[in-house]
Amino acid sequence: MKCLACDSRKWRTANGTIWPIMLRIKSFRQRRSVRIGYCRAWTVQKHRRARGLLMAGTDRERRNRWVERKLATFPSLTAHQRRCLSVPLAERGWQILVDRAASGAGRASAFVIGRTGVFALVFAGSVPDRHGLRRIRKHAEEVFASVVFDREQFVPHMLDVVVLVDSPARTGLHDQFFVADEASFRSVLTDRDRKLSPRRVRDVAASVTDRLNTYDWISSDDAPQAATPESEGLFGATELREEARGGALTRRFQDWMIFLDPDQLALVDANFTGPARFSGPAGTGKSVVALHRMARFAKRNPGRLLFTSYVRTLPTYHKSGFARLAPHAVDRATFVGLHSWTLGFLARRHVPFNLDDGAQEDAFARAWQHARDVLSRIEGTDTQYWRDELDRVIKGRGLQSPEEYLGIKRTGRDGIQLHGNRRKYVWDNLYLPYQAKLREKKVDDFNDVIGKAVDELCVRPLDDTEDFAMVVVDEVQDCTLTQLRLIHQIAGGQPDAQLLLVGDGQQQVYAGGWRLSDAGIPLPGGRGRVLRTNYRNRAAVLGLTQRIEAGNTVDDLDGGPGFVLRDSNSVLAGGTAIEKEVRRADIDGELVQAIIDSGHATSNTAVIVSTRKDSTHYLRVLEKAGFATLPLEKYDGTQPELIKVGTVHRAKGMDFAAVFHITEPPAAIGSLTGGARDRAELLARQRLVAASRPRDYLWVAYLTD
């Protein structure tokens, strides 16, 4: 006889005695006594653990018998189907709804509800036709559509359809369902993020039971339980303790994965026959709604998807969120910055271009020499102002003649009135010399590259190997007009293009502006929607952010009245918001101490500054203080324990638990005029973007001399 715990046959100790721990149990299967023992080499603690494992085996035997009895009450189930359903029932925390009769056409054979979501099961010998599966999904979504708890409504498209077949089978790239056999079913259920708490799992099951009058409810929690559970099941106690801490921002996104506010869900489910626009203040969930629309589209339609933005770090950040919402569609979804997509597109089409930052800087410097004496005397302007005039207004709008320049409204730059003679001077003495130097050096700037892509798409639109069934653009207010035209062409350029534009004029952090109609993008029939409720910031954080004078009259990105953060309401109470003036000489130590005092050093924290030089400096400061850090441009949403450090421009569209913002004291905008007012409003919008990033904790330091 050998040791049960270590498999050793050495039973005798050095003095010849036998280790006395023996016990006698009765096997449920064999119905006979079994004599087992443990060798002296094992400690008493390990013996007890081994004994616990033995007892856990008997408890599992009892659970398996309970599962068999429960499933035996469904005579229509085959042995294979019973074995599949026994997979979730063998573990705690799963709720099963089983059709009492053979599954009728157009509905699921069973529903499985657990921590990782809701699954509609379809039993089949092989993968059925796609049309039939779409009918089953439609019925399943209708069943769960009216599940509402307080202000949270279940998101129907988050339900997954799983086809259970006799032998392994592969799905196509554009299939909107999973295929599993008996061996792989468990991984389909468990190899994903947890989305529901144990209590909410039961609540959802209870809510739909009345509507599924042909289904019987089996709860795996009703199975015989061990007196002292030895196994943690699908989700361990360690994982449950980590979730109970509740401080990580990812917890909030997980809430949004399955439940949305009814106002948000209405926009997710809205049917648009062409381009649509979602606007609204910071924290209203615009990006979350956009990702859900992508996930919903992916589960109902074939085709590739594109998520892009002028902010190059934002697509990477949101890719991980989309992977949680629609893991089956990740391989056909592209998340990329607009400039990166454009460069790749031109390379594939063999359209020549030459980007050279040094040559561009030299071209501007030489052009500025022609215009500096006159333009620098215009009050409220500086070199950057005229650089933006070239980049964001003249070339950003794709203007081709001085007459076009004279005829436009310089949206967002109204503080400096450039009458006809001034504009002509800018054109002749700044723009034309700049272009001449670029041509002389055979160099393109990014506006030229965008223009080449627009021209190429007008001549040769994307073909079947390149096109996208849906395009989503986040932070669209920071795009130039030419970039907006490119985006429209990428989406097909037609009135029925599935193009979703997401943005907020109050969060514009770059100079210039436009209206969607300027780009030829029509929004008739209510295709422009506004979100108003703040779901991100706790009350104290929102209160401080609302006091920032950041242009409290904005449009809806198409000339209509907008909705500003000052008028938004928070649904999250509490929070901490601190403002203080700090001497420049003291800011390094003050920042380190503030992070320590906050208690948020490892809970998804960001330090947001104004320039890349500042970002590099504070990364060094925090690393020297012993903090683990990460440049914000490298953040992809999956490193919550590191302190992210970066500029306002890199933080756009992101969420954090705590933010430490270092900035200049705010100007009294009401007393300013001209270019000084334009510049002060732009800086205020940047402060608003930074201050609206955190959920729980905001610390703002105004630097003084």
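*Asks:* What am I meant to see in the environment of Asn-447 here?
*Replies:* Its place among the elements puts Asn-447 in helix H16 (residues 446-459). A relative accessible area of 7% means that Asn-447 is categorised as buried. In this structure, the C-alpha to C-alpha distance between Asn-447 and Asp-391, residues 56 residues apart in sequence, is 7.3 Å. Sequence-distant contacts of Asn-447, defined by excluding residues within four places in its chain, comprise Asp-391, Lys-395, Gly-396 and Thr-480.

*Asks:* I'm lost on the packing of helix H9 (residues 286-300) against helix H10 (residues 314-325) in this one. Help?
*Replies:* Here H9 crosses H10 at 45°, and the two axes come no closer than 10 Å. Considering their axes alone, H9 and H10 lie oblique with respect to each other. The interaxial crossing formed by H9 with H10 has right-handed handedness. Here Ser-287, Leu-291, His-292, Met-294, Ala-295 and Lys-299 of H9 come into contact with H10, specifically with His-318, Phe-322 and Leu-325.

*Asks:* When you look at the pattern of salt bridges in this model, what are you seeing that I'm missing?
*Replies:* It is possible for side chains bearing opposite charge to pair when their charged atoms get close. Tallied over the full model, the rule gives 36 salt bridges. Across the pair Arg-83 and Glu-182 runs a salt bridge, and its minimum N-O distance is 2.8 Å. Separated by 99 residues along the polypeptide, Arg-83 in helix H2 (residues 79-89) and Glu-182 in the loop between strand S9 (178-180) and helix H4 (185-190) bring together distant segments of the chain. Residue class for Arg-83 comes out partly exposed when judged on its relative accessible area of 40%. Using a relative accessible area of 31% as the deciding quantity, one classes Glu-182 as partly exposed. Where salt bridges share partners, they join Arg-349, Glu-456, Arg-460 and Glu-466 into one cluster.

*Asks:* I tried to follow the sheet that holds strand S11 (residues 259-260) on my own but got confused; where do I start?
*Replies:* Hydrogen bonding along the main chain pairs the strands of a sheet, whether they run parallel or antiparallel. If you trace the three strands from one edge of the open sheet to the other, you get S6-S7-S11, paired in antiparallel fashion. Of all strands in the sheet, those bounded by a partner on one side alone are strand S6 (148-149) and S11. Note that strand S7 (residues 152-154) and S11 share two bridges and pair antiparallel. In the sheet register, Gln-153 faces S11, and the bridge partner there is Leu-260.

*Asks:* I'm lost on the nonpolar core in this one. Help?
*Replies:* The tendency in soluble globular proteins is for nonpolar side chains to be buried as a group. Val-471, Ile-490 and Leu-501 are the most contacted members of the largest nonpolar core, which has 64 residues in total. Those residues within four positions of Ile-490 in sequence are excluded, and the remaining contacts are Leu-306, Leu-338, Trp-341, Leu-457, Leu-462, Phe-468 and Val-471. Counting residues in each nonpolar core, the second largest holds 62 residues, with Val-118, Val-155, Met-158 and Ala-295 among its members.

*Asks:* I'm lost on the sheet that holds strand S17 (residues 528-530) in this one. Help?
*Replies:* With respect to topology, six strands assemble into an open sheet ordered S14-S13-S15-S16-S12-S17, the strand pairing being parallel. Pairing within the sheet leaves two strands with one partner each, and these edge strands are strand S14 (333-335) and S17. Put simply, the sheet's adjacent strands are angled 15° from each other on average, direction ignored. As paired elements, strand S13 (residues 305-309) and S14 share three bridges and run parallel to each other. If you follow Leu-305 over to S14, its bridge partner there is Ala-333.

The rules behind the values
- Residues numbered from 1 in each chain as written.
- Predicted model: local features only at pLDDT ≥ 70, side-chain atom pairs only at ≥ 80, totals over all residues.
- Heavy atoms only, no water.
- Helix = DSSP H or I, 4+ residues; strand = E, 2+ residues; numbered from the N terminus.
- Buried < 20%, exposed > 50% of the residue type's maximum accessible area, 1.4 Å probe, protein only.
- Contact = heavy atoms within 4.5 Å.
- Axes fitted to C-alpha atoms, helices over the stretch in contact; angles between N-to-C directions.
- Parallel < 35°, antiparallel > 145°, perpendicular 65-115°, else oblique.
- Left-handed = near helix turned anticlockwise from the far one by under 90°.
- Salt bridge = Lys/Arg side-chain N within 4 Å of Asp/Glu carboxyl O.
- Pairing = 2+ DSSP bridges.
- Core = buried A, V, L, I, M, F, W, Y, C linked by side-chain atoms within 4.5 Å.

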